[in-house]
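# Chains, contacts and geometry: an overview
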Amino acid sequence: MQSPCVRSQMAALGSTRWNFCGAAAPLHSKQLLRQQSLPRWREHPKMAEAHQAVAFQFTVTPDGFDFQLSREALKFFFLTEVRSWRKRLIRIKNSILTGVYPASPTSWLLVTVGTVGCLYAKIDLSAGIIGHIRHVLPGRALLNTHTKTLMSATLFSTGLWLSGILFFRQATKMLLSYHGWMFEPHGKISRSTKIWAGALRLVSGRNPMLYSFQTSLPTMPVPSIGKTIQRYLESVRPLLDDEQYVKMETMAKEFKTKVAPRLQKYLILKSWWATNYVSDWWEEYIYLRSRGPIMVNSNYYIMDLLYVTPTARQASRAGNAVHAMLLYRRKLDREEIAPTMAMGLVPMCSNQMDRMFNTTRIPGVEKDTLQHLIDSKHLVVYHKGRFFKVWLYHGGKLLNPRDLEMQFQRILDDPSPPQPGEEQLPALTAGERIPWAKARAEFFQKGKNKTSLDAVESAAFFMTLDEEANGNEKGQDRYMDTYAKSLLHGKCCDRWFDKSFTLIVFQNGKLGANVEHSWADAPIGGHLWEFMLSVDSFQLGYTTDGHCCGDVNPSLPAPQRLQWDISQKCQEASHSSYQVAKSIADDVDFNFVLFKDFGKGLIKCCRTSPDAFLQIALQLAHFRDKGKFCLTYEASMTRLFREGRTETVRSCTIESTAFVRAMEDPAKSRQQRLSLFRKAAEKHQQMYRLAMTGAGIDRHLFCLYLVSRYLGVESPFLKQVLSEPWRLSTSQTPQLQLKMFDITKFPDHVSAGGGFGPVADDGYGVSYNIVGENLITFHISSKFSSPETDSFRFGNNIHQAMLDLAQLFDVPLTKPPN
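Values in this document were obtained by computation on a predicted structure and should not be read as measured data. (Residues numbered from 1 in each chain as written. Predicted model: local features only at pLDDT ≥ 70, side-chain atom pairs only at ≥ 80, totals over all residues. Heavy atoms only, no water.)

## Observations regarding the overall build of the chain
Broken down by element type, the chain carries 25 helices and 24 strands. Sequence separation of at least 24 residues holds for 77% of the intrachain contacts in the chain that already meet a minimum separation of 6. Element-wise, carbon and sulfur atoms account for 57% of the exposed surface of the chain, whose accessible area totals about 37300 Å². (Helix = DSSP H or I, 4+ residues; strand = E, 2+ residues; numbered from the N terminus. Contact = heavy atoms within 4.5 Å. Areas by Shrake-Rupley, 256 points an atom, 1.4 Å probe, with all protein chains shown as cover.)

Below, the structure written as structure tokens:
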């Protein structure tokens, strides 16, 4: 029903063009429509997308109706639907192949043909089962004896084939539950492990797809209460004096005898029906229920190549990077990425990779949620306070790098100013979660705000074309620190921190990414990043003048400017979030350390684990920095189990503190220090192995605490454990997960790794990256507001600690050429 006002306007205009989108355009005649509509789209390319969206139009005139069909739009819809159906068919095919792995449909055919052939050769492999099935089949006239025999043989073959799949899967799961190989001395393999490896190769199949092993991975076991408490007490012993330790030991024993058995039963019960007894609670309570800002506190960043910038053209680098990422997404959708294999034999869980693209963290008052879409055909780009929607496909095909470069250059050349309130809009994702959730519910649930926000949240990912140059300004003091801070928080209003990741392209062609943490851990984002850098440099390449390779299609519709209607109240909300985020960003004290004195090559000569070497160096550096030890967090992965994420390695041990004290005691000889170092390194490796095999401390205690909260049980012990601050939080950035090029031939094509913000107000966050044989990078963060910390000072202490450890061994330091 139309209002009188609308009806009177129609009568006055005489004729009106209507499209199925519900928009009306007043025209005075059919001829005016035909003469003016086409040039209008040419003059305003931003409107071309809207024009394509109108598949049919009709004009209401006094003479009747005039229908017009847009062949281009119909072709666009047809190709889009073809692409969607193609993706559906690929998913169906992949689900079938993954569902029957380690077998294949071909193997079913071979089993069936073999069974039928033997049957006609008078050899009954079924020992009479086929005959029994034949008698059970309905005796209709259409089913003669020959047909019933064939059907019976096919049913028997299918049952035999499915039984074989189940057998091999169960055998694989049992073999993957064996972790003895991880605890054997380096270079020594026992006979039992050799037999295990041979059996695993036999049953695990060949050419697995990304998710082929998911149902064969073992579930994560629940450790025993006694062992968890014992390991916990060992971990805090060097941090407590005798009186404090006795008090903690008493609380632990009381918990073990009175409260823990009941909580453990519920936890074991959960482990029986849950795929992983930790991961869902970890994601919800550590990430999604956190109400503080995720910028700096949760999100992490990844850096570009350390020594190489393939092109200085911002739009060109963005074009290649986006195209490479979309190639990765295509491989991900088709499950063409091989699962990560430890030792080239043991598969790791691939579950986290599913939400890499088309994913957004949606704010809520009580908790956030992760919105993941099966597909997304566009990208949202932020530049100079404006949002642009860029279609990634044209005619059903992925845009090539040159076309993407043209689209991004159009954005860079667009002189239009931001709309009121648009420039600071991303700050809502940087501040507290509750104000953002309330603002989203109040200001973005209808009209153009909802349409534009939907475009952002449904995008494949978010991209910022940054106005600044960063990452290779070597003439500037501590330029890498500025680069890291820009990736970590930027201006607090130029990254969409809720997206699974924000690709950041600087004015000078340098790249980086800011990654939201709840959907996956750093190795997953690093996997995509290595693929993108490799494809960008070694497959796509650039022309001699720095442009993307390939031909450009000038008829592509220009990027669509997203429209907002930001009220004064909404602007106040975004500005308030900006102030909160800016106070956090301004407090981040960052230091990037490029350690070139030696790398993994020398550490191997010391016959110790590189990770243990670095963790002990961090303990020595921290003691020199603060004059005391602290609870230390090192992240290890539990992806040997289905849906596994991370576990904590408590790197500050009795053995490591004994070694550090010996290093600071001039009375200790080199041999005494070396002996203590060996013990500390072996202890660290043992704890790391236990964490990876599901026998860690902290995830078990965390889940017991949640069970106690659900049951309303008070536990002073668990409350104390969960309240202890991690004043030294560390993580190793994985490097070279993909073997896409030879790093020995291209030693300059290495990433500087990534980092994260400080976890404790008076502590340090340290991410380190072992780059090849001769380089290690450290990303150190802390807070200016803490009088106890100084990231630059700590960096110097780490550098000196590394040199002091190397001097314990009879291995010459050889600096690689710059």
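## Here we look at the environment of W272
Relative to the elements of secondary structure, W272 occurs in helix α10 (residues 242–273). Using a relative accessible area of 69% as the deciding quantity, one classes W272 as exposed. Taking the C-alpha atoms as reference, W272 lies 8.9 Å from T219; in sequence the two are 53 residues apart. (Buried < 20%, exposed > 50% of the residue type's maximum accessible area, 1.4 Å probe, protein only.)

## With respect to the sheet that holds strand β15 (residues 501–505)
Spatially, the 8 strands line up as an open sheet ordered β17-β11-β10-β14-β15-β16-β5-β22, and their pairing is mixed. Only two strands of the sheet have a single neighbouring strand rather than two, namely β17 (560–561) and β22 (754–756). Where strand β14 (residues 462–465) meets β15, 4 bridges bridge the pair, whose relative direction is parallel. Bridge assignment links L465 to a residue of β15, and that residue is V505. Contacts from helix α16 (residues 479–488) reach β5 (300–303), β15, β16 (511–515) and β22 within the one sheet, and its direction differs from that of β5 by about 130 degrees. (Pairing = 2+ DSSP bridges. Axes fitted to C-alpha atoms, helices over the stretch in contact; angles between N-to-C directions.)

## Remarks on the nonpolar core
Residues V322, F408, F461, M463 and L503 are the most contacted members of the largest nonpolar core, which totals 54 residues. A per-element tally of this core places helix α12 (residues 314–333) first, with 9 residues. When near neighbours in sequence (up to four residues on either side) are disregarded, F408 contacts A315, A318, G319, V322, L379, V381, V390, M463 and L465. Grouped together as the second largest cluster of nonpolar side chains are 52 residues, A171, Y232, A342 and F702 included. (Core = buried A, V, L, I, M, F, W, Y, C linked by side-chain atoms within 4.5 Å.)

## Observations concerning a nonpolar patch on the surface
There is a patch of nonpolar side chains on the surface, built from Y266, I268, L269, W272 and W273 and spanning about 630 Å² of accessible area. Here L269 shows up in helix α10. Owing to a relative accessible area of 44%, L269 belongs among the partly exposed residues under this scheme. (Patch = residues over 30% accessible without salt bridge, like charges linked within 9 Å, V, L, I, M, F, W, Y side chains within 5 Å. Salt bridge = Lys/Arg side-chain N within 4 Å of Asp/Glu carboxyl O.)

## Re the confidence of the model for the chain
Parts of the prediction with low pLDDT should not have their coordinates interpreted in detail. Of the residues in the chain, 89% reach a pLDDT of 70 or more, and the chain-wide mean stands at 88. pLDDT under 50 marks residues 1–56. Its contacts with residues more than four places away, or in other chains, come to 80 contacts. (pLDDT = per-residue confidence, 0-100.)

## Focus: the packing of α12 against helix α13 (residues 401–413)
At a minimum axis separation of 8 Å, α12 and α13 run at an interaxial angle of 135 degrees. Between α12 and α13, the angle is such that the two are oblique. Of the two possible hands of crossing, α12 and α13 adopt the one that is right-handed. Packed against α12, whose contacting residues are Q314, A315, S316, A318, G319, N320, V322 and H323, the element α13 presents P401, L404, E405, F408, Q409 and L412 at the interface. In terms of residue class, the contact of α12 with α13 is built from 7 nonpolar, 6 polar and 1 charged. (Parallel < 35°, antiparallel > 145°, perpendicular 65-115°, else oblique. Left-handed = near helix turned anticlockwise from the far one by under 90°. Nonpolar A, V, L, I, M, F, W, Y, C, P; charged D, E, K, R; others polar.)

## Remarks on the sheet that holds strand β19 (residues 632–637)
Taken together, the 6 strands give an open sheet; going across it, the order is β18-β24-β23-β21-β19-β20, and neighbouring strands pair in mixed fashion. Strands with a single pairing partner mark the edges of an open sheet, and in this sheet they are β18 (588–595) and β20 (646–650). Going across the sheet, the axis of each strand differs from the next one's by a mean of 20 degrees, ignoring polarity. Note that strand β21 (residues 728–732) and strand β23 (residues 764–771) share 5 bridges and pair parallel.

## Concerning unusual backbone geometry
Y101 connects to P102 through a cis peptide bond whose omega is 15 degrees. Inspection of the secondary structure puts P102 in the loop between α4 (71–100) and α5 (105–120). For K384, which is not a glycine, the phi torsion comes out positive at approximately 50 degrees. Residue placement: K384 occurs in the loop between β10 (378–383) and β11 (386–391).

## Describing helix α9 (residues 225–236)
Counted at 1.5 Å a residue, the expected span for α9 with its 12 residues is 16 Å, and the 17 Å between its end C-alpha atoms agrees. Taken residue by residue, α9 has I225, T228, I229, Y232, L233, S235 and V236 as its buried positions. For α9, the arc enclosing every buried residue in end-on projection is 160 degrees, short of the 170-degree limit, so these residues lie on one face. On its buried side, α9 packs onto α10, β20, α23 (698–711) and α24 (716–723). (Expected span 1.5 Å × (residues − 1). Arc of directions from axis to C-beta.)

## Section: the side chain of D698
Positionally, D698 belongs in helix α23. Among the polar contacts made by the side chain of D698, one reaches the side chain of R650 at a distance of 2.7 Å. In this view, D698 contacts E647, T648, R650 and W726; residues no more than four positions away in its chain are not counted. (Polar contact = N/O pair within 3.5 Å; in protein donor to acceptor, adjacent residues only side chain to side chain.)

## Re the side chain of Q264
Mapping Q264 onto the fold places it in helix α10. Here H700 takes part through its side chain, which lies 2.9 Å from a polar atom of the side chain of Q264. Setting aside residues no more than four positions away along its own chain, Q264 makes contact with V222, P223, S224, I225, H700 and L704.

## Structural notes on the packing of aromatic side chains
Counted according to the given criterion, the structure contains 35 aromatic pairs. When the ring of W181 is compared with that of W196, the centres are 6.0 Å apart and the planes differ by 10 degrees; the resulting orientation is stacked. With W181 in the loop between α7 (145–176) and α8 (191–203) and W196 in helix α8, the pair connects residues that are 15 residues apart, well separated along the chain. Across the pair, W196 and W181 agree in class, each one buried. (Phe/Tyr/Trp six-rings, centres within 6.5 Å; stacked < 30°, edge-to-face > 60°.)

## Description of the pattern of salt bridges
Taken as a whole and judged by the stated rule, the model has 41 salt bridges. Its salt-bridge partner being E773, residue K604 comes within 3.7 Å of it at the nearest N-O pair. Within this pair, whereas K604 is found in helix α19 (residues 600–605), its partner E773 is found in the loop between β23 and β24 (775–783), the two being separated by 169 residues in sequence. Judged by relative accessible area, K604 falls into the partly exposed class, the value being 48%. When its relative accessible area of 34% is taken as the criterion, E773 is described as partly exposed.

## Examining the packing of α10 against α24
Viewed as axis vectors pointing N to C, α10 and α24 meet at an angle of 110 degrees, and their least axial separation amounts to 8 Å. With respect to α24, the axis of α10 lies roughly perpendicular. For the pair α10 and α24, contact is made by M248, M251, A252, F255 and L263 and by P716, F717, L718 and Q720, respectively. Split into classes, the residues belonging to the contact of α10 with α24 amount to 8 nonpolar, 1 polar and no charged.

## Considering the state of the cysteines
For the structure shown, the criterion picks out 0 disulfides. Between C549, a free cysteine, and C548, which holds the nearest cysteine sulfur, the sulfur-to-sulfur gap is 7.4 Å. Cysteine C605 is unpaired, with the sulfur of C606 as its nearest cysteine sulfur at 6.8 Å. (Disulfide = S-S within 2.5 Å.)

## Observations concerning the environment of L176
Within the secondary structure, L176 sits in helix α7. In this structure the C-alpha to C-alpha distance between L176 and S216, which are 40 residues apart in sequence, comes to 8.2 Å.

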